[in-house]
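Chain and residue survey
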Amino acid sequence: MLGNDRLLVQILLLSLLGACLWVLAPFVSVLFWAAVLAFASWPLMRMLTLRLKGNEALAAGILTGGWMLLVAVPLILLGFDLADHIRSLNALIRDLQVDGLPPPPDWLANLPMIGSWLVEAWQTVNEEGTAFFVRIRPYLGQVGNWLLVHSARIGTGILELALSLVLVFFFYRDGLQLAAFVRGVLQRLIGEQAADHYLKLIAGTIQRVVNGVIGTAAAQGSLALIGLLIAGVPGALMLGLLTFALSLIPVGPPMVWIPATGWLAWKGEYGYAVFLGIWGMFVISGVDNVLKPYLISRGGNLPVVVVLLGVFGGILAFGFMGLFLGPTLLAVTYSLLGDWVIKGTPKVVPSTTSLSFPAQKESASE
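The residue numbers shown here count from 1 along each chain, following its written sequence. Local features in this predicted model are restricted to residues whose pLDDT is 70 or higher, and side-chain atom pairs enter the listing and the counts only when it is 80 or higher, whereas totals over whole chains, interfaces and linings include all residues. Hydrogen atoms and water are omitted, and side-chain values are computed over all heavy atoms in the structure.

Some details on the overall build of the protein chain
The criterion, for reference: Segments assigned H or I by DSSP are reported as helices when at least four residues long, segments assigned E as strands when at least two residues long, and all are numbered from the N terminus. Whether a residue is buried, partly exposed or exposed follows from its accessible area with a 1.4 Å probe, protein chains only, as a fraction of its type maximum: under 20%, in between, or over 50%, in that order. Any two residues having at least one pair of non-hydrogen atoms within 4.5 Å are treated as being in contact. Per-residue and other accessible areas follow the Shrake-Rupley method at a 1.4 Å probe size, with only the shown protein chains counted as cover for residues.
A tally of helices and strands in the protein chain yields 16 helices and zero strands. Counting every position in the protein chain, which comprises 366 residues, the buried fraction comes to 31%. Long-range pairs, those at least 24 residues apart, make up 69% of the contacts in the protein chain with a sequence separation of at least 6. Put simply, the protein chain shows about 22,500 Å² of open surface, and 72% of that area lies on carbon and sulfur atoms.

Put into structure tokens, the structure is as follows:
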């Protein structure tokens with residue numbers, strides 16, 4: 001009878017857990033990003049809490065407000081800037097339909113092998129004029145539909161980001177209790193030693209990905225801003241922010257500095273075009289090959305290739321959530337296989353990333 005009662009309780013608990021997951025399913029990505037943001041910036045939360053003499057709610061509110069200013073303001077500025085560019089593009093298309101193309105630039109004819117062909121194609125398009133736009137109108141409609149669909153996705157992503165910035169307050173304020181709860185659940189499932197080992201492994205992996213991916217993106221965005229300002233490209237701040245965002249995906253920054261280099265050449269600024277091309281190739285894109293592996297490899301014995309494959313494969317499999325899910329899954333699996341091969345119990349590996357939230361509680365209370 002006692003065994004039947006225990007079985008019923010277990011079934012009830014599993015049913016409740018499934019129902020809770022069902023309720024939270026629409027907010028999985030929002031909760032995930034809020035948790036990652038809180039974890040990545042937890043040293044700031046710990047320092048601010050100590051300075052505020054243990055007032056966790058006030059520290060959480062200050063950090064949340066800071067994130068809103070740091071993220072929301074650039075997004076709003078970027079949105080206005082994109083709207084201006086879209087209006088300018090529409091005006092340019094109308095002008096081309098009425099006045100045709102301007103004369104081809106002199107440097108176009110001087111290009112080796114393809115220069116004369118490009119000039120001839122330019123003149124052919126200019127002579128056909130309205131007929132050309134009539135032929136490409138169906139394709140413009142398809143492009144417009146594609147932009148509409150992806151604009152909706154971008155809008156959904158921005159909404160999720162805004163909601164995650166609100167929820168991060170609760171992860172800051174209740175982070176200690178959440179960490180203790182997760183640790184307790186894992187200790188009941190796999191034992192105290194194994195729970196501490198894998199918590200440290202997950203924490204270290206996420207911290208290295210944050211340092212490597214986000215840190216490298218920030219460096220590339222800053223370097224792009226410097227190069228664009230030197231070259232005199234308009235909208236350098238917005239392009240720098242766009243470089244930061246595109247740095248999170250492979251081969252992202254060239255999507256910014258290559259068109260900017262082409263624009264400078266179009267305007268006849270050949271010196272600045274050469275400078276920006278060299279700066280983009282060897283500085284903006286080159287830093288990704290040096291800084292990211294260095295930051296990812298610091299403070300851990302996990303192979304860098306495992307983390308990098310987890311980052312790229314995770315993005316392809318799970319979207320931007322895979323930026324952290326991918327390397328975490330590979331790291332845990334790699335550790336589990338290693339423990340299974342040596343047939344030993346998991347050994348607690350010292351990590352520079354600390355998950356000792358209770359220690360913070362004691363320090364804050366002091």
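Focus on the packing of aromatic side chains
Heads up, the condition is: Working definition: a ring pair exists when centres of Phe, Tyr or Trp rings (six-membered ring for Trp) sit within 6.5 Å. Plane angles under 30 degrees give stacked, over 60 give edge-to-face, the rest tilted.
Evaluated as defined, the whole model comprises three aromatic pairs. Seen in terms of ring centroids, Phe32 and Trp33 are 5.7 Å apart; in terms of plane orientation they differ by 75 degrees. Their pairing is edge-to-face. Assessed through its relative accessible area of 18%, Phe32 is described here as buried. Geometrically, the ring pair formed by Phe169 and Phe170 is edge-to-face, given 5.3 Å between the ring centres and 85 degrees between the ring planes.

So, the pattern of salt bridges
Going by this rule: Salt-bridge detection follows one rule: a side-chain nitrogen of Lys or Arg within 4 Å of a carboxyl oxygen of Asp or Glu.
Counted by the stated rule, this structure contains two salt bridges. Across the pair Asp174 and Arg173 runs a salt bridge whose closest N-O atoms are separated by 3.2 Å. Here Arg173 falls in the partly exposed class, since its relative accessible area comes to 32%. Between Asp196 and Arg183 there is a salt bridge, and its shortest N-O distance comes to 3.9 Å.

Remarks on the nonpolar core
For soluble globular proteins, the rule of thumb is that nonpolar side chains tend to be buried together. For the record, the criterion: Think of a nonpolar core as a cluster: buried Ala, Val, Leu, Ile, Met, Phe, Trp, Tyr and Cys residues, connected wherever their side-chain atoms sit within 4.5 Å.
Judged by nonpolar contacts, the single largest core of 17 residues is most densely connected at Val209, Val213, Val311, Leu323 and Phe324. Listed by contribution, the elements that provide at least two residues to this core are α2 (28-40), α9 (192-231), α14 (304-318) and α15 (322-342). Looking at which element gives the most residues to this core, the answer is α9, with six residues. Not counting chain neighbours up to four residues away, the residues in contact with Val209 comprise Ile214, Val307, Val311, Leu323, Phe324 and Pro327. Leu37, Trp42, Trp67 and Leu165 belong to the second largest nonpolar core, which has 15 residues in total.

Considerations on a nonpolar patch on the surface
For the record, the criterion: Like charges within 9 Å and nonpolar side chains (Val, Leu, Ile, Met, Phe, Trp, Tyr) within 5 Å are joined into patches, using only residues over 30% in relative accessible area that form no salt bridge.
Taken together, the side chains of Val23, Leu24, Phe27, Met68, Leu163, Val166 and Phe170 define a hydrophobic patch exposed on the protein surface, amounting to about 580 Å² of accessible area. Looking at the nonpolar patch, the elements with two or more residues in it are α1 (2-24) and α7 (130-173). The leading source of residues in the nonpolar patch is α7, at three residues. Position of Phe27 among the secondary structure elements: in the loop between α1 and α2. Of the residues examined, Phe27 reaches a relative accessible area of 40% and is grouped as partly exposed.

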